[in-house]
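# Per-entry structural report
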Amino acid sequence: MTAKLYAMTCGRLVGRLKDMIEGEDGQVALPIPSYLIEHPKGRALFDTGMHPQCRSDATGRLGERVARIFGFEQYGPQDDVKSRLEAIDRDPGRIDFIVNSHLHFDHAGGNELVPNATMVVQKREWQAAQDAETAAKVGFYRADFDHGHKVLQVDGEHDLFGDGSVVCLPTYGHTPGHQSLKVRTEAGEVVITGDACYFCRTLRERRLPRFVWDREQMLASLDRLDALEKGGARLFFGHDPDFWKDVPQAPVPAF
Ligand SMILES: [Zn+2]
């Protein structure tokens, strides 16, 4: 069995390059991806981008410090995940699963707009989010993920549809329970890295972002992604503007 994979860039987040990759300067407009995965047994999203409130009131949503670091001017009214799904005639109310790579605001912010899905998150990510002190340290906001979704906490690899075509892969380090997603399409195997690997050169040059929950774990996750690529998988990098220029947008399959 294979699945269909569609990419949707849900706006861009302007930030400082030095926060994303050590040793560089200047500003960068980071694509904020959400992926739609369609399988005969159901429909899943991998990440949901940002909440629309980030556009109208970033300070109210994220607090002054974070709202000051980032620019939201490239996140338009049609860029949220709900609008992107509706633009390709998919009903956000009929998504079965949200697989969150992790719970940062640019990955889980749109969960509220996809009300009937079951969230699939790593157990250690969910536990970190439940502890107020840890959550504050990692940079989680309850407003992103606390909307009464059913939550499936997984521990390590998880085969979403039971046939090996869509598999959660633990890639801890960026946050306590970050995960990536392996998707088997007709064209071959894709691994959506999420923020385990922001840019292509993060992997090639092993240059980590400024914010890392666990450096050793993150490096081990990069080794794992590297091995998957060498085994023939096509990697989709988390926020790489150069890579994203060539990624076809839904409704054209991403790969
Ligand atoms: Zn991110």
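Model, not experiment: these values are computed from the prediction.

### A closer look at the coordination of the zinc ion
In this structure, Asp106 (OD), His107 (NE2), Asp195 (OD) and His239 (NE2) serve as the protein donors to the zinc ion, at separations of 2.1 to 2.3 Å. Metal-centred angles of 84 to 165 degrees between the 4 donor atoms at the zinc ion mark the site as irregular. Between the donor residues of the zinc ion, the gaps in sequence give the motif D-H-x87-D-x43-H. Within this pair, whereas Asp106 is found in helix α6 (residues 105-108), its partner His239 is found in the loop between β11 (234-237) and α12 (241-244), the two being separated by 133 residues in sequence.

### Some points on the packing of aromatic side chains
With the rule as written, the count across this model stands at 13 aromatic pairs. Between Tyr35 and Phe46 the ring centres are 6.1 Å apart and the planes differ by 55 degrees, which places this aromatic pair in the tilted class. Of this pair, Tyr35 sits in strand β2 (residues 27-39) while Phe46 is found in strand β3 (residues 42-46), placing the two residues 11 residues apart along the sequence. Judged by centre distance (6.2 Å) and plane angle (85 degrees), the rings of Phe243 and Trp244 are edge-to-face. With respect to burial, Phe243 and Trp244 carry one shared label: buried. An aromatic cluster is defined as three or more aromatic residues linked by ring pairs; in this entry it consists of Tyr35, Phe46, Phe236, Phe237, Phe243 and Trp244. Above the face of the Tyr75 ring, Arg55 is positioned so that its terminal group lies 4.9 Å from the ring centre. In this arrangement the basic side chain of Arg90 is found over the ring face of Tyr6, its NZ or CZ atom lying 5.6 Å from the centre.

### Things to note about the side chain of Arg90
Inspection of the secondary structure assignment puts Arg90 in the loop between α5 (81-87) and β4 (97-99). There is a polar contact of 2.6 Å between the side chain of Arg90 and the side chain of Glu38. Apart from residues no more than four positions distant in its own chain, Arg90 is found in contact with Tyr6, Leu36, Glu38, Arg43 and Leu85.

### Quick look at the sheet that holds strand β1 (residues 4-16)
Here we have 6 strands laid out as an open sheet, ordered β1-β2-β3-β4-β5-β6, and mixed in their pairing. For this open sheet the edge positions go to β1 and β6 (150-154), each flanked by a neighbour on one side alone. Direction aside, neighbouring strands of the sheet carry axes that sit 20 degrees apart on average. Contacting β5 (118-122) and β6, helix α7 (residues 123-130) crosses the sheet at an angle of about 95 degrees to β5.

### Here's the deal with the pairing of strand β8 (residues 166-170)
Of all 5 residues that make up β8, 5 are buried, and the element is covered over most of its length. Pairing of strand β7 (residues 158-159) with β8 involves 2 bridges; the strand directions are antiparallel. Bridging from a neighbouring strand, His158 pairs with Cys168 of β8. Where β7 folds back onto β8 in an antiparallel hairpin, the turn is made up of 6 residues, including Gly162, whose phi is positive at roughly 80 degrees.

### Some points on the environment of Ala67
Tracing the backbone through its elements, the reader meets Ala67 in helix α4 (residues 64-69). Residue classification places Ala67 among the buried positions, given a relative accessible area of 15%. Each C-alpha atom of the pair Ala67 and Gly139 lies 13 Å from the other, and the pair is 72 residues apart in sequence.

Each value, and the rule that gives it
- Residues numbered from 1 in each chain as written.
- Predicted model: local features only at pLDDT ≥ 70, side-chain atom pairs only at ≥ 80, totals over all residues.
- Heavy atoms only, no water.
- Donors = N, O, S within 2.8 Å, 3.2 Å for Na, K, Ca; no water.
- Tetrahedral: all angles 85-135°; square planar, octahedral: opposite > 155°, others 65-115°.
- Helix = DSSP H or I, 4+ residues; strand = E, 2+ residues; numbered from the N terminus.
- Phe/Tyr/Trp six-rings, centres within 6.5 Å; stacked < 30°, edge-to-face > 60°.
- Buried < 20%, exposed > 50% of the residue type's maximum accessible area, 1.4 Å probe, protein only.
- Lys NZ or Arg CZ within 6 Å of the ring centre and 35° of its normal.
- Polar contact = N/O pair within 3.5 Å; in protein donor to acceptor, adjacent residues only side chain to side chain.
- Contact = heavy atoms within 4.5 Å.
- Pairing = 2+ DSSP bridges.
- Axes fitted to C-alpha atoms, helices over the stretch in contact; angles between N-to-C directions.

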